[in-house]
Structures are given as C-alpha cells and as structure tokens.
Amino acid sequence: MCCSIRRAVSGDEAILAFIQTESWKAAFRRILSPELLERLTDFQKNKEMYRRLLQAGKGNGYLLSIRDKPHCIAWWDLTREQNMPGYAEIICVHSLPENWHRGFGSKMMDQLLFDISCAGYSGVMLWVFAENDRARKFYEAKGFHATGKTQPAYGTFEVCYERSLETF
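Reading guide: rules and limits
- The written sequence of each chain sets the order in which its residues are numbered from 1.
- Confidence filtering applies because this is a predicted model: local features only for residues at pLDDT of at least 70, side-chain atom pairs given and counted only at 80 or more, and all residues used for totals across whole chains, interfaces and linings.
- Each side-chain value is derived from all of the structure's non-hydrogen atoms; neither hydrogens nor water enter the calculation.
- Where helices and strands are cited, they refer to DSSP runs of H or I of at least four residues and of E of at least two residues respectively, numbered from the N terminus.
- Working rule for helices: expected span equals 1.5 Å times residues minus one.
- Classification of residues uses two cut-offs on accessible area relative to the type maximum, computed with a 1.4 Å probe and protein chains only: under 20% is buried, over 50% is exposed, and between them is partly exposed.
- Throughout, nonpolar core names a set of buried Ala, Val, Leu, Ile, Met, Phe, Trp, Tyr and Cys residues whose side chains join them through atoms within 4.5 Å.
- By the convention used here, residues are in contact when the closest approach between their heavy atoms is within 4.5 Å.
- Directions pointing from the helix axis toward each C-beta atom define the arc.
- Under this definition, polar contacts are N or O atom pairs within 3.5 Å; protein pairs additionally need one hydrogen-donor-capable and one acceptor-capable atom, and for neighbouring residues in sequence, both atoms have to be side-chain atoms.
- The salt bridge criterion pairs a side-chain nitrogen of Lys or Arg with a carboxyl oxygen of Asp or Glu, the two atoms within 4 Å.
- Values of pLDDT, the confidence the predictor places in each residue, fall between 0 and 100.

Engineer: Explain helix α4 (residues 104-118) to me, please; I cannot follow it from the model alone.
Structural biologist: Think of an α-helix as turning once every 3.6 residues; residues three or four places apart then point the same way. In this model, α4 (15 residues) spans 21 Å end to end at C-alpha, consistent with the 21 Å of a helix rising 1.5 Å per residue. Residues F104, M108, M109, L112, L113, D115 and I116 constitute the buried set of α4. Positive phi shows up at G120, right after α4, with a value of about 95°.

So this is what it looks like as structure tokens:
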C-alpha cells in the first residue's frame, strides 16, 4: 500500500487531533478509566494543543498518509529528562486502528529515527504505559529497551525506553 510521510504544518491541527484522539480511544481503553479517557480525548483541546505547537514551532511533527488519507502522526523534540543529555524524546506515535499491524507505524518510526539521527542526537528515549504491551513490543522490535525508570501517569505508570542512534 502506498504511503507518504511529511512534516506537520499549520492547518493540520484537526487531523492531528483526530488521529491522536481516535488512537487513544482504541489503544488505552483498557489502561485508563473511561472518565479520564473521555477527558483526555477531547477533540477541541487536542486541536488547540497542536495549533499552539505548530504556531510556536515546538518540536517536530509528522503526518503519514495512505493513498492521500491521513493515518499516523508522530512528534519528537529534545528530551525533557535532565539526566539524558544528547537525547531526543519521541513524544508520540499514534495511528488509526483500522491499519494497525500493517507496517505503517514502522515506516513512521524509521523516519523519526533517521531525522533524529541527522539532527545530531546520540540517543532517543520515550515513555510508554507499562500495560501497553502492543506498543512495548513494537518499540523493542525497533531496538529500544526499558531503562528501569518509571513514572506515575494518569493513575497508572509509564516505563522509560531508550535506544542508541550510533548504529542507526
């Protein structure tokens, strides 16, 4: 199936918010409470968040389309972790559930890793819900490993994963 990846630009706010909220509804329905998930998937709030990010030029957003239909989004930036100098952080990789397990997330991750490496970072990290086995297996298949660090998030826990970019 033909796909293309491009940088997110001003005007993409609605599609970015739609993909994120639909992905969260499908991926986190067994991880987060229904009430919390409903609050976190508020389309207008997410659309406004992406509008602010794009206007400020904060981070690096991407949009993957399949046959010109938006399917997957991703975002990365300099890590927020003080003890990981030289690292970038993958903030999110979200895709619409109807095309999960077809290789599009892998294509997006390859693009992210390539761009992060080209930007001069030595490593990349991310946070993932401990209970999100599907995502954890995906990250591990892409060369990430758990660091042993955890943090509370939304009434559950996230696990920190990292990967060196020296071999990329």
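Engineer: Which parts of the structure should I look at to understand the nonpolar core?
Structural biologist: In this structure, I90, L112 and F144 are the most contacted members of the largest nonpolar core, which totals 24 residues. When contributions to this core are tallied by element, the ones reaching two or more residues are β2 (60-66), β3 (69-78), β4 (87-95), α4, β5 (123-129), α5 (133-141) and β7 (156-164). No other element matches α4, which puts six residues into this core. Those residues within four positions of F144 in sequence are excluded, and the remaining contacts are I90, M109, L113, V124, L126, Y139, Y161, E162 and R163. The next biggest cluster of nonpolar side chains, apart from the first, holds twelve residues, and it includes F28, L36, L40 and W100.

Engineer: Where do I start with helix α3 (residues 43-56) in this structure?
Structural biologist: Helix length check: α3 (14 residues) gives 20 Å between terminal C-alpha atoms against 20 Å at 1.5 Å per residue, within 8%. Those residues of α3 that fall on the buried side of the exposure criterion are N46, Y50 and L54. Angularly, the buried residues of α3 cover 70° about the axis, an arc narrow enough to put them on a single face. When the buried face of α3 is taken as reference, the exposed residues oriented beyond 90 degrees from it are Q44, K45, Q55 and A56. Each element contacted by the buried residues of α3 is listed here: α1 (13-27), α2 (34-40), β3 and β4. A side-chain oxygen of the first residue of α3 lies 3.2 Å from the backbone nitrogen of Q44; this N-cap is D42. Among the residues trailing α3, G57 stands out with phi positive, at a value near 65°.

Engineer: Which parts of the structure should I look at to understand the pattern of salt bridges?
Structural biologist: Any two side chains of opposite charge can pair if their charged atoms end up close together. If you walk through the whole model with that rule in mind, you get eight salt bridges. D12 is paired through a salt bridge with R6; the nearest N and O atoms lie 2.8 Å apart. Accessibility expressed as a relative area gives 8% for D12, which makes it buried. On the accessibility criterion, R6 (38% relative accessible area) is partly exposed. For E89, the salt bridge identified is with R80, shortest N-O distance 2.5 Å. By sharing partners, the salt bridges in this structure join E48, R51 and R52 into a single network.

Engineer: Looking at this model, I keep getting lost on the confidence of the model for the chain. Mind explaining?
Structural biologist: Residues shown with low pLDDT carry predicted positions that ought not to be read at fine detail. Mean pLDDT over the chain stands at 95; residues scoring 70 or higher make up 98%. The least confident element of the chain is strand β1 (residues 3-7), whose mean pLDDT is 95; the most confident is β5, at 98.

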